[in-house]
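Results of the structural survey
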Amino acid sequence: MRVDGRKFDELRPIEIIPNWTENPDGSVLIKWGRTWVLCTASIEYRSPVWQKEKNEGWVTGDYGMLPGSTDTRKRRPGLRPDSRGTEIKRLVGRSLRGACDLSAIPGWTISVDCDVLQADGGTRVASITGGMIALSIAAQSMVEKGLLASVEKLVREPVVAISLGIVGDDSVLDLNYKEDSTAEVDLNLVGTLDGKCIEVQGTSEGRAMEKKDLDKLLELGFKGLSSVSSIVKPFLKGQ
């Protein structure tokens, strides 16, 4: 039995509140257990030079933890880069671009900002999943303004994400902070709604991982992606 009483393959409760803020082109508050992340998507008519040369737009991701998101105050990022935050923002951006056909929005950039309001493990997978919903809402706003033919033109294969790991001798899905802080193996899986893999990100911290461990984790992870997909799909525009 896990610390919060869940089964080894059981998700924490996920609540999705779209349009949580009014100013961005797309927004969603995703509550994943005790982890809460506000994801907003903003559209601008600009794109990187290398994308202009290919007649494509751009989708970028950003990530940050607000000062009150943890038990002790999290300092705001200053002049010194936060290496963990930089790693996660790159993961968010790669994951969301993996869902998109950037040729559908030439000249445009959609920036997806993920701000952690409360953290209890799994902030990066909540950011990717919530960011995908916010991005689809922003894409719908482009359709309504006549800037995009359909959401599906941009968002070809929506993505979701899940965390998993080995805690003690057990392979477990959707780690909270207590589990994550003691996990011997920590892994994050990003995939499409129909079960294709976008990215696997993982490490062994307590011991070396054998192939059978990885196989078991991936099987558990794809099961988790399927469960998350069924929760998220009704909130995705164009699906």
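Presented here is a report on the structure given in the accompanying data block. Everything numeric in this text was worked out from a predicted model, so none of it was measured. In this convention, every chain numbers its residues from 1, walking through the sequence in written order. Local features in this predicted model are restricted to residues of pLDDT 70 or higher, and side-chain atom pairs are both shown and tallied only at a pLDDT of 80 or more, whereas totals for entire chains, interfaces and linings draw on every residue. Just so you know, side-chain values use all the structure's heavy atoms and leave hydrogens and water out.

Secondary structure summary: the chain contains six helices and nine strands in total. Over its C-alpha trace the chain gives a radius of gyration of 18 Å, about what one expects of a compact globule, namely 18 Å for 239 residues. The principal-axis extent of the C-alpha atoms belonging to the chain is close to 55 × 40 × 30 Å. By definition, residues are in contact when any of their heavy atoms lie within 4.5 Å. Relative to all contacts within the chain whose residues are 6 or more apart in sequence, the contacts with residues 24 or more apart total 70%. Surface accessibility follows the Shrake-Rupley procedure with a 1.4 Å probe radius. Residue values consider only the protein chains on display as shielding. Approximately 11,800 Å² of the chain is accessible, and the part contributed by carbon and sulfur atoms is 49%. Positive charges come from Lys and Arg, negative ones from Asp and Glu, while His and the chain ends are left out of the count. In this description, the location of a charge corresponds to atom NZ of lysine, CZ of arginine, CG of aspartate or CD of glutamate. Between the mean site of the 32 positive side-chain charges and the mean site of the 34 negative ones, the chain shows a separation of 3 Å. Strands here mean DSSP runs of E at least two residues long; helices mean DSSP runs of H or I at least four residues long; both are numbered from the N terminus. Put simply, the radius of gyration uses C-alpha atoms, and a globule should come to 2.2 Å times the residue count raised to 0.38.

Attention now goes to the sheet that holds strand β8 (residues 185-192). At least two bridges found by DSSP between two strands is the condition for calling them paired. Spatial ordering of the open sheet is given by β7-β6-β8-β9, a layout of four strands whose pairing is antiparallel. At either end of the open sheet lies a strand with only one pairing partner, and these are β7 (170-173) and β9 (197-204). Going from strand to strand, the sheet's axes swing by 15 degrees on average, the running direction of each strand aside. Strand direction decides the pairing type here: strand β6 (residues 159-167) and β7, joined by four bridges, are antiparallel. Bridge assignment links V167 to a residue of β7, and that residue is D170. Axis angles are defined between N-to-C directions and span 0 to 180 degrees, where every axis is a line fitted to C-alpha atoms and, for a helix, only to the segment in contact. Against the sheet, helix α2 (residues 83-97) makes contact with β6, β8 and β9, and its axis sits at roughly 155 degrees relative to β9, the strand it touches most. The strands touched by helix α6 (residues 211-232) are β6, β7, β8 and β9; relative to β6, the strand with the most contacts, the crossing angle is about 140 degrees.

The element strand β3 (residues 35-44) is largely enclosed, with a buried count of seven among its 10 residues. Bridge count for strand β2 (residues 26-32) against β3 is seven bridges, and the pairing is antiparallel. Residue pairing for β3: I30 is matched across the bridge by V37. Burial here depends on accessible area, computed with a 1.4 Å probe over protein chains only, as a share of the maximum for the residue type. Under 20% is buried, over 50% is exposed, and the range in between is partly exposed.

Aromatic ring pairs: the centre-centre distance and the angle between the two ring planes describe each pair. Pairing of aromatic rings covers Phe, Tyr and Trp, the last through its six-membered ring, and needs centres within 6.5 Å; plane angles under 30 degrees mean stacked, over 60 mean edge-to-face, and all others mean tilted. Here the structure, examined in full by the defined rule, presents two aromatic pairs. Aromatic side chains Y45 and W108 sit 4.8 Å apart centroid to centroid with 70 degrees between the ring planes, which places their arrangement in the edge-to-face category. Pair noted here: Y45 is in the loop between β3 and α1 (49-53) and W108 is in the loop between α2 and β5 (109-118), with a separation of 63 residues, a long-range link. Given the relative accessible area of 62%, Y45 is considered exposed. Aromatic side chains W50 and W58 sit 5.7 Å apart centroid to centroid with 80 degrees between the ring planes, which places their arrangement in the edge-to-face category. Here W50 falls in the partly exposed class, since its relative accessible area comes to 48%. For the cation-ring pair, K31 lies above W36, with the distance from its terminal atom to the ring centre recorded as 4.1 Å. Placement of a charge over a ring requires the Lys NZ or Arg CZ to be within 6 Å of the ring centre, with the centre-to-atom vector within 35 degrees of the ring normal.

With that settled, the discussion passes to the packing of α2 against helix α3 (residues 123-144). Look at α2 against α3: their axes get within 10 Å of each other, and the N-to-C directions meet at 40 degrees. Accordingly, the angle class assigned to the pair α2 and α3 is oblique. The interaxial crossing formed by α2 with α3 has right-handed handedness. Contacts between α2 and α3 involve R84, E87, I88, L91, V92, S95 and L96 on the former and, on the latter, T123, R124, S127, I128, G131, M132 and L135. To sort the angles, those under 35 degrees are grouped as roughly parallel, those over 145 as roughly antiparallel, those from 65 to 115 as roughly perpendicular, and the leftovers as oblique. Here is the rule for handedness: rotate from the far helix to the near one, and if that takes an anticlockwise turn smaller than a right angle the crossing is left-handed, while a clockwise turn gives right-handed.

Glancing now at α3. How far a helix is expected to stretch is found by multiplying one less than its residue total by 1.5 Å. Taking 1.5 Å per residue, 22 residues should reach 32 Å; α3 reaches 31 Å between its end C-alpha atoms and fits that length. The buried count for α3 comes to 19 of 22 residues, which makes it a mostly enclosed element. Looking one or two residues beyond α3, the residue adopting positive phi is G146, at roughly 80 degrees.

Our next topic: the nonpolar core. Among the buried residues, those of types Ala, Val, Leu, Ile, Met, Phe, Trp, Tyr and Cys that are joined through side-chain atoms within 4.5 Å form a nonpolar core. Grouped together as the largest cluster of nonpolar side chains are 59 residues, with contacts concentrated most on I110 and I162. Take this core: its biggest share by element is 11 residues, from α3. Leave out the neighbours within four places in its chain, and I162 touches L11, W32, V125, L173, D174, L187, N188, L189, G221, L225 and V228.

Moving on, we come to the environment of C100. Along the chain, the position of C100 falls in the loop between α2 and β5. For C100, a relative accessible area of 4% corresponds to the buried category. With 47 residues separating them in the primary sequence, C100 and L147 have C-alpha atoms 16 Å apart. Once residues lying within four places of it in the same chain are set aside, the contact partners of C100 are V59, L135, L154 and R156.

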